[in-house]
Amino acid sequence: MGRLNEGRRDESALQDAGYPSPHRSPAMPTPPSNVTVSAIPNAALGLTLLSLAMVIGLPGNAFVLWSCVITRRRSIPMLLVAHLALADVATLLTGPVYIRFLSTGHWDLGPAACRGCNYICAAAMYTSVFLIALLGLHRCLVVSRPSAAVLAGDRATQLAHGAAAITWLVALVLATPSIAFRHVENGMCKRNHNSTAWLVTHNLLETGLGWAVPLTAVALGYGLLLRRLRRTRLARRGRTLRLVAAVVVAFAITWGPYHVGSLLEVAAELQGCTGTLRKVAEAIRPPATALAFLSSALNPLLYACAGRGLCRTAGAALLPRLLEGSTASSSARRTVTHWARSSRGQRENGGKEVDREDVGTGDGRTVAEGTVTGDEGTVVESTEMGDSGRV
């Protein structure tokens, strides 16, 4: 009995010194004593959404980038979509880190990974919403003012690259609070603001500039455009217009719950509430963050759905056909109509105007080639065809 007690005292001393118990399986590690492992709210839902986003998003966005490279298109929509795919890939590459976090229930990768992953996601969020806003506003400009869009045709590549570079730079600056306010506490990678003012400022900055303001600008632009084109044939033919609108709506929906949780957190902080409101905000954030990841996988699906009739024949040229073909044909219709109206007095029969407009409803490239007659309006149209079809 004395030897047994002595053996237990020796084992207890070894455990106090930090050595594992010989009776405990080495395959069952225990977290450090200063780490509190707690269940993450809705972790199963978050794991499902993250896994789905990675399985769909990584190959989908890789196809988008491959299509942009292989077709060597340099139009504004194609370059903006390529940078949007880069932002989505950057977000999805952090997915395994968060899957590990949700699976284990605690953060064991250190503060550098905590800050780095959240910084990448925040920068990608700002970049995505800014690029989507630029894509939507460019579409509004092309449809409503094709001549103004064509005037910039010769400098389209420089303009697109410059806009994308500024977008990335601004996004990287706006995402810096994710580095300053991210800390690892009690085995959790969480935000820790020094004061209520910093929390309110950070959350409102994310919600305002990263969601509400850009999407509101696009919504107003589309509203004015559709109001103007309500009685025209063009309003019913804009496949690209509907595609870009779908991308905007998808981003708004998938990121909406995340920003709702941020606003609830602000409300709880300002009211000094520690009850239901704060618990709801904390419960929303994990699945809302995973849903935001899903937005990075939706864009390739939207492209595929919009071009489902072209997938077999277009191949790698699917995106150019979607993003540039509609631009060409839409602008061709408007330009031909303008040309017809300007020379109406020189015609014997006014019905030729309708015939001219119907010619423009086909493929944009064919229309341009068939209507270049030296008239001022058709010269502008030909310029856009050259920009859209540039290799």
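S.K.: Lay out the overall build of the chain with the relevant residues and their values.
M.R.: Broken down by element type, the chain carries 16 helices and 2 strands. The buried share of the chain, reckoned over its 391 residues, is 45%. Intrachain contacts of the chain at a sequence separation of at least 6 include 76% that bridge at least 24 residues. Surface accessibility of the chain: about 20,100 Å² in total, with carbon and sulfur atoms responsible for 61%.

S.K.: So what's going on with helix 10 (residues 239-271)? Which residues, and what values?
M.R.: Relative to the 48 Å expected for 33 residues at 1.5 Å per residue, helix 10 spans 47 Å between its end C-alpha atoms, a close match to the ideal helical length. Along its length, helix 10 reaches its greatest deviation from straightness, about 40°, at Gly256, and the proline Pro257 lies no more than four positions downstream. Downstream of helix 10 by a residue or two, Gly272 has a phi angle that is positive, lying close to 65°.

S.K.: Go over the state of the cysteines with me, naming the residues and quoting the values.
M.R.: Scanning all chains against the criterion turns up 1 disulfide. What pairs with Cys114 in a disulfide is Cys189, and their sulfur atoms sit 1.8 Å apart. Sign of the S-S torsion, about 80° for the bond between Cys114 and Cys189, identifies this disulfide as right-handed. Of this pair, Cys114 sits in helix 5 (residues 110-144) while Cys189 is found in strand 2 (residues 188-191), placing the two residues 75 residues apart along the sequence. Here Cys114 falls in the buried class, since its relative accessible area comes to 0%. Judged by relative accessible area, Cys189 falls into the buried class, the value being 12%.

S.K.: If you had to explain the nonpolar core to someone new, which residues and values would you point to?
M.R.: Counting 47 residues, the largest nonpolar core has Val64, Val81, Tyr126, Phe251, Tyr303 and Leu319 as the members making the most contacts within it. Contributing elements (two or more residues each) for this core: helix 2 (43-71), helix 3 (76-92), helix 5, helix 7 (156-174), helix 9 (196-228), helix 10, helix 11 (276-306) and helix 13 (318-342). Residue contacts for Tyr126: discarding those within four places in its chain leaves Ala171, Leu174, Ala175, Leu205, Glu206, Leu209 and Gly210. Core analysis: the next-biggest nonpolar cluster, separate from the first, contains 19 residues, Leu92, Tyr98, Trp107 and Phe293 among them.

S.K.: How would you sum up a nonpolar patch on the surface? Please name residues and give values.
M.R.: On the surface, a cluster of nonpolar side chains totalling about 300 Å² of accessible area is made up of Phe63, Trp66 and Ile70. Mapped onto the elements, Phe63 comes out in helix 2.

S.K.: Any details on the packing of helix 5 against helix 9? Residues and values, ideally.
M.R.: Axis separation between helix 5 and helix 9 bottoms out at 10 Å; the angle between their running directions is 15°. Taken together, the axes of helix 5 and helix 9 are roughly parallel relative to one another. With respect to the hand of their crossing, helix 5 and helix 9 are arranged in left-handed fashion. Here the contact of helix 5 with helix 9 is built from residues that sort into 18 nonpolar, 4 polar and 3 charged.

S.K.: Outline the pairing of strand 2, supporting the account with residue identities and numerical values.
M.R.: Where a strand is regular, its side chains alternate between the two sheet faces. Judged from the 4 bridges that link them, strand 1 (residues 182-185) and strand 2 form a sheet pairing that is antiparallel. Residue pairing for strand 2: Glu185 is matched across the bridge by Met188. Between strand 1 and strand 2, which pair antiparallel and follow one another directly, the connecting turn spans 2 residues, one of which, Asn186, has a positive phi of 55°.

S.K.: How would you explain the packing of aromatic side chains if you had to name every residue and give the values?
M.R.: For the structure shown, the criterion picks out 8 aromatic pairs. With a centroid separation of 5.5 Å and 50° between ring planes, the pair formed by Phe181 and Trp198 is classed as tilted. You can see Phe181 sitting in the loop between helix 8 (177-180) and strand 1 and its partner Trp198 sitting in helix 9, a full 17 residues away along the chain. Under the relative-accessibility criterion, Phe181 is labelled buried at 8%. One cation-aromatic arrangement involves Arg285 over Tyr258; the distance from NZ or CZ to the ring centre is 5.1 Å.

S.K.: Give a detailed account of unusual backbone geometry, specifying residues and quantitative values.
M.R.: You will see that Asn186, though not glycine, has its phi angle at about 55°, which is positive. A relative accessible area of 47% means that Asn186 is categorised as partly exposed.

S.K.: Run through helix 2, naming residues and quoting values.
M.R.: When the terminal C-alpha atoms of helix 2 are compared, their 41 Å separation across 29 residues agrees well with the 42 Å that a helix rising 1.5 Å per residue should span. Within helix 2, the axis deviates most sharply at Gly57, by approximately 30°, and proline Pro59 lies no more than four positions further along. Residue Arg72 follows helix 2 closely and has a positive phi angle near 55°.

S.K.: Can you lay out the pattern of salt bridges for me, pointing to particular residues and giving the numbers?
M.R.: Under the definition given, this model contains 5 salt bridges. A salt bridge links Arg191 to Glu206, with the shortest nitrogen-to-oxygen separation between them at 3.9 Å. Residue Arg191 is found in strand 2, and its partner Glu206 is found in helix 9; the two are separated by 15 residues along the sequence. Taking the relative accessible area as the measure of exposure, Arg191 reaches 15% and is therefore buried. The exposure class assigned to Glu206 is buried, which follows from its relative accessible area of 5%. Each member of the salt-bridge network shares a partner with another, and the members are Arg191, Glu206, Glu265 and Arg285.

Definitions and limits used
- Residues numbered from 1 in each chain as written.
- Predicted model: local features only at pLDDT ≥ 70, side-chain atom pairs only at ≥ 80, totals over all residues.
- Heavy atoms only, no water.
- Helix = DSSP H or I, 4+ residues; strand = E, 2+ residues; numbered from the N terminus.
- Buried < 20%, exposed > 50% of the residue type's maximum accessible area, 1.4 Å probe, protein only.
- Contact = heavy atoms within 4.5 Å.
- Areas by Shrake-Rupley, 256 points an atom, 1.4 Å probe, with all protein chains shown as cover.
- Expected span 1.5 Å × (residues − 1).
- Bend = angle between axes of the 7 residues up to and from the residue.
- Disulfide = S-S within 2.5 Å.
- Core = buried A, V, L, I, M, F, W, Y, C linked by side-chain atoms within 4.5 Å.
- Patch = residues over 30% accessible without salt bridge, like charges linked within 9 Å, V, L, I, M, F, W, Y side chains within 5 Å.
- Salt bridge = Lys/Arg side-chain N within 4 Å of Asp/Glu carboxyl O.
- Axes fitted to C-alpha atoms, helices over the stretch in contact; angles between N-to-C directions.
- Parallel < 35°, antiparallel > 145°, perpendicular 65-115°, else oblique.
- Left-handed = near helix turned anticlockwise from the far one by under 90°.
- Nonpolar A, V, L, I, M, F, W, Y, C, P; charged D, E, K, R; others polar.
- Pairing = 2+ DSSP bridges.
- Phe/Tyr/Trp six-rings, centres within 6.5 Å; stacked < 30°, edge-to-face > 60°.
- Lys NZ or Arg CZ within 6 Å of the ring centre and 35° of its normal.

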